[in-house]
Amino acid sequence: MTKHLVWDWNGTLLDDLHLVVSSTNVAFASAGGRDVGSDEHRRTFRRPVADFYAEMLGRAIDEEEFGRLDRIFHDAYRLGLTDVTLAADAQAAIKSWPGSQSLLSMWFHHELVPAVEGYGLAGLFARIDGLRTELGGGFKAAHLAAHLAELGVDGADVVMIGDSLDDADAAESVGGHAVLYTGGFTDPARLRESGRPVADTLVEAVKMAMSL
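Summarised in this report is the structure supplied together with it. (Residues numbered from 1 in each chain as written. Predicted model: local features only at pLDDT ≥ 70, side-chain atom pairs only at ≥ 80, totals over all residues. Heavy atoms only, no water.)

## Digging into the sheet that holds strand 2 (residues 101-108)
Okay, step 1: Taking strand neighbours across the sheet as the criterion, the six strands line up as 3-2-1-4-5-6 in an open arrangement whose pairing is parallel. The open sheet has two edge strands with one neighbour each: strand 3 (128-131) and strand 6 (198-199).
Okay, step 2: With three bridges joining them, strand 1 (residues 4-7) and strand 2 adopt parallel strand pairing. Bridge pairing in strand 2 links Leu5 to Gln101. (Pairing = 2+ DSSP bridges. Helix = DSSP H or I, 4+ residues; strand = E, 2+ residues; numbered from the N terminus.)

Now the structure itself:
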C-alpha cells in the first residue's frame, strides 16, 4: 500500500535558507548578538528555537525575550519573501508521488496557506497545516499528531520529507518514517550521522520514500 507523504515547508519545499539566516541575524543584532553565517546556522540550529537563540547569544533568554526576538525575525522574514523561490525540483517531486500527500509547517497558518497558493501548489495537498498560535519555536511531534488526526491517517502509514532532525523525530514519534533533505536548514553531515535516509534532491527523497 502506498503510504501518505507529509511535506515540510520552510527549508524543504521553500528555498529560504539565506532569508532565514539574514532574518535571524536581524533578531540577534537587536539583542547585541553577532552575525551567524549559513554554515554555522546549519550546524547549530535546533528546536526549541529559544535554545538555539540562547546558545548563539551566549546567555539565557526568557519567554518574553524570545517572543520579542521571534517577532523581529518574522518581520524581517516577511520583507524578504518576495525574492524566495521554491526548491528547484519541488513541483516535480510533489507530482511524482503516487499517493496522498499533505503539508505541515511550523510557520504561521494564516501566512502559510496563501503562500502555498501563491507558489502554484494549490490543490496538490489533502491538507495544509501551519501554526495557529502567535509564538512558535517548539517541537513538531504534537503538531504532526494533530495533523494526522485531522486527516484520519495512521502514523504507521506516513513518511515525512523534511530538512531537520526534528522532522525525523516527529515522524518516528507517530510510528512513521522520514527522509531528510540536505538542501535545507541542517548541515548534511548532521543528517547523515543520525542514521536516517538522506537525499540531496527532493525528487530523490520521494524515490526513497516510495521504498519505505
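## Regarding the nonpolar core
Here is a general trend for soluble globular proteins: nonpolar side chains tend to be buried in one another's company.
Okay, step 1: Core analysis: the biggest nonpolar cluster contains 52 residues, and Trp7, Trp9, Leu13, Tyr53 and Leu202 have the highest contact counts within it.
Okay, step 2: Discounting residues that sit within four places of it in the chain, Tyr53 has contacts with Thr24, Phe28, Ile61, Phe66, Leu69 and Phe73. (Core = buried A, V, L, I, M, F, W, Y, C linked by side-chain atoms within 4.5 Å. Buried < 20%, exposed > 50% of the residue type's maximum accessible area, 1.4 Å probe, protein only. Contact = heavy atoms within 4.5 Å.)

## A word on the packing of helix 1 (residues 17-30) against helix 4 (residues 63-80)
Okay, step 1: Where helix 1 contacts helix 4, the two axes come as close as 8 Å, and the packing angle between them is 140°. With respect to their mutual orientation, helix 1 and helix 4 come out oblique. Note on packing geometry: the crossing formed by helix 1 with helix 4 is right-handed. Residues Leu19, Val20, Ser23, Thr24, Val26, Ala27 and Ser30 of helix 1 lie in contact with helix 4, whose contacting residues are Arg68, Leu69, Ile72, Phe73, Ala76, Tyr77 and Gly80. (Axes fitted to C-alpha atoms, helices over the stretch in contact; angles between N-to-C directions. Parallel < 35°, antiparallel > 145°, perpendicular 65-115°, else oblique. Left-handed = near helix turned anticlockwise from the far one by under 90°.)

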